[in-house]
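Secondary and tertiary structure notes
Read off the chains here:
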Amino acid sequence: MLAKKIIDWYSENGRNLPWRETSNPYYIWLSEIILQQTRIEQGIAYYNHFINEYPTIECLAHASEEQVLKSWQGLGYYSRARNLHTTAKYIVNNLNGTFPDTYEGLLSLKGVGKYTAAAIASFAYRLPYPVIDGNVYRFISRLYAIHTPIGTTQSYKEFELILNNLIDKERPDLFNQSIMDFGSIYCKPIGCDCSNCIFSEQCLAFQKGKVALLPIKRPPVQKIERYFYYFDIRWGDNPENIFVQQRPPGDIWHGLFELPLLETTKPIPQKELRKTAMKKLYDWFGVIPDTLNTGENMVHKLTHRTIKALFFQAKYASKPIKNPETMHPININDIKALPVSRLIDRYLSKM
Ligand code: SF4
């Protein structure tokens, strides 16, 4: 009953999205991983870019990690891009280039959780697995006046049970698209037109005047602050020479390129900035620069961290004779071809 009603609504009001016009699991997987990172409008541009750049899973598997990170640049959370690449290689090398066609098989892929497995299973193979994203959580929690905080393992199980009973077993693809679109377009976070809603009579949140209170969200995770002091180091007569290094494994932005960095656990007091920067440059190069300026302050917010960055600008008369092995001299124009974080991209675009 609910399934028919919502699919009928979708046939009139659903969104035309490029990944809904295909049942190719590779394209659907790409779209789902991209959409975990961005809104639909921006996601379409990235999706089109990826399927043009890597039209088959073999193309993605055979690309270099740097190339994939570069294609991903601007979406953030780069571990998703690395998982995408690892999974493509795994499917090509171990599964003969064929995507798994069961929910369990999909779930076993790196970077594929329950939501993504259900999306690919239903959209590509019409298997009856419900998708549960923020829009579905909102609609269902209001429809049944559920007060369990959303986004937890417990709430996922609870909502999955409800949706397993609601899903259209013949057209789970349509049902899932319908319920996500209804949550996104009609049962919006604020300002939904409940009086004219097709579910107004059965919606418990509307009947009880609790629409604005649901869904219940988890308390926000407290953000950690990190202090990044970057060094824009130039030398000689060519102002385009600069040092870069690659981020190490086990931390944010692994594999991306950045300027030489000093990270501290607390902000360096203003009066010690210059001395600390000089000491760091001396540690790296064995000589102090001819000039040192304190440049741009930037704040960069990530899901669980806030990066407070300050950029120093140092100038040497000639290239220092020795530099740490991890640092590489490069022409600033060549950085454009390398994957960098949005923070570094913002800084360089101002140069
Ligand atoms: S009545 Fe309002 S809260 Fe309930 S499903 Fe419709 S739009 Fe959502």
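Just above, that's the structure.
Residues numbered from 1 in each chain as written. Predicted model: local features only at pLDDT ≥ 70, side-chain atom pairs only at ≥ 80, totals over all residues. Heavy atoms only, no water.

Turning our eyes to something else, we now look at the packing of aromatic side chains. Tallied over the entire structure, the rule returns 25 aromatic pairs. Their ring planes at 15° and their centres at 5.4 Å tell us that F182 and Y186 sit as a pair that is stacked. Of this pair, F182 and Y186 both sit in helix α11 (residues 172–186), separated by 4 residues, roughly a single helical turn. On the accessibility criterion, F182 (1% relative accessible area) is buried. Ring centres of F311 and Y347 lie 3.9 Å apart, and the angle between their planes is 0°; on these two criteria the pair is classed as stacked. One end of the pair, F311, is in strand β6 (residues 305–316); the other, Y347, is in helix α14 (residues 342–349), with 36 residues separating them in the sequence. Accessibility classification places F311 together with Y347 in one group, the buried group. Each member of the aromatic cluster is reached from another via a ring pair, and the members are Y229, F231, W235, F243, W284, F285, F312 and Y316. Note that R80 overlies the ring of Y77, its terminal NZ or CZ placed 4.6 Å from the centroid. (Phe/Tyr/Trp six-rings, centres within 6.5 Å; stacked < 30°, edge-to-face > 60°. Helix = DSSP H or I, 4+ residues; strand = E, 2+ residues; numbered from the N terminus. Buried < 20%, exposed > 50% of the residue type's maximum accessible area, 1.4 Å probe, protein only. Lys NZ or Arg CZ within 6 Å of the ring centre and 35° of its normal.)

Our next topic: the sheet that holds strand β7 (residues 328–331). What the 3 strands build is an open sheet, ordered β3-β2-β7; its pairing is antiparallel. Both outer strands of the open sheet, β3 (257–258) and β7, are each paired with one neighbouring strand and no more. Here strand β2 (residues 241–246) runs beside β7; their pairing, made up of 4 bridges, is antiparallel. Among the inter-strand pairings, N241 is bridged to a residue of β7, identified as N331. (Pairing = 2+ DSSP bridges.)

Turning next to the side chain of S200. Within the secondary structure, S200 sits in the loop between α11 and α12 (204–207). Apart from the residues lying within four places of it in its own chain, the contact partners of S200 are C194, S195, F206 and Q207. (Contact = heavy atoms within 4.5 Å.)

The next thing to look at is the sheet that holds strand β5 (residues 291–301). The mixed open sheet is built from 4 strands, whose spatial order is β4-β1-β6-β5. Unpaired on one side and paired on the other, β4 (261–264) and β5 mark the two borders of the sheet. Direction aside, neighbouring strands of the sheet carry axes that sit 20° apart on average. Across 12 bridges, the pairing between strand β1 (residues 224–235) and β6 is parallel. Opposite Y229, over in β6, you have L310 as the bridge partner. The strands that helix α13 (residues 273–285) touches are β1, β4, β5 and β6; relative to β1, the one it contacts most, it runs at about 60°. The strands touched by α14 are β1, β5 and β6; relative to β5, the strand with the most contacts, the crossing angle is about 135°. (Axes fitted to C-alpha atoms, helices over the stretch in contact; angles between N-to-C directions.)

This paragraph deals with the nonpolar core. Side chains of nonpolar character tend, in soluble globular proteins, to be buried together. W29, F139, I140, F175 and W253 are the most contacted members of the largest nonpolar core, which totals 99 residues. Element by element, the count of residues in this core is highest for helix α8 (residues 114–125), at 8 residues. With residues near it in sequence (within four places) discarded, F139 still touches L2, I6, I179, F182, G183, C187 and F199. Y227, I233, W235 and L292 belong to the second largest nonpolar core, which has 20 residues in total. (Core = buried A, V, L, I, M, F, W, Y, C linked by side-chain atoms within 4.5 Å.)

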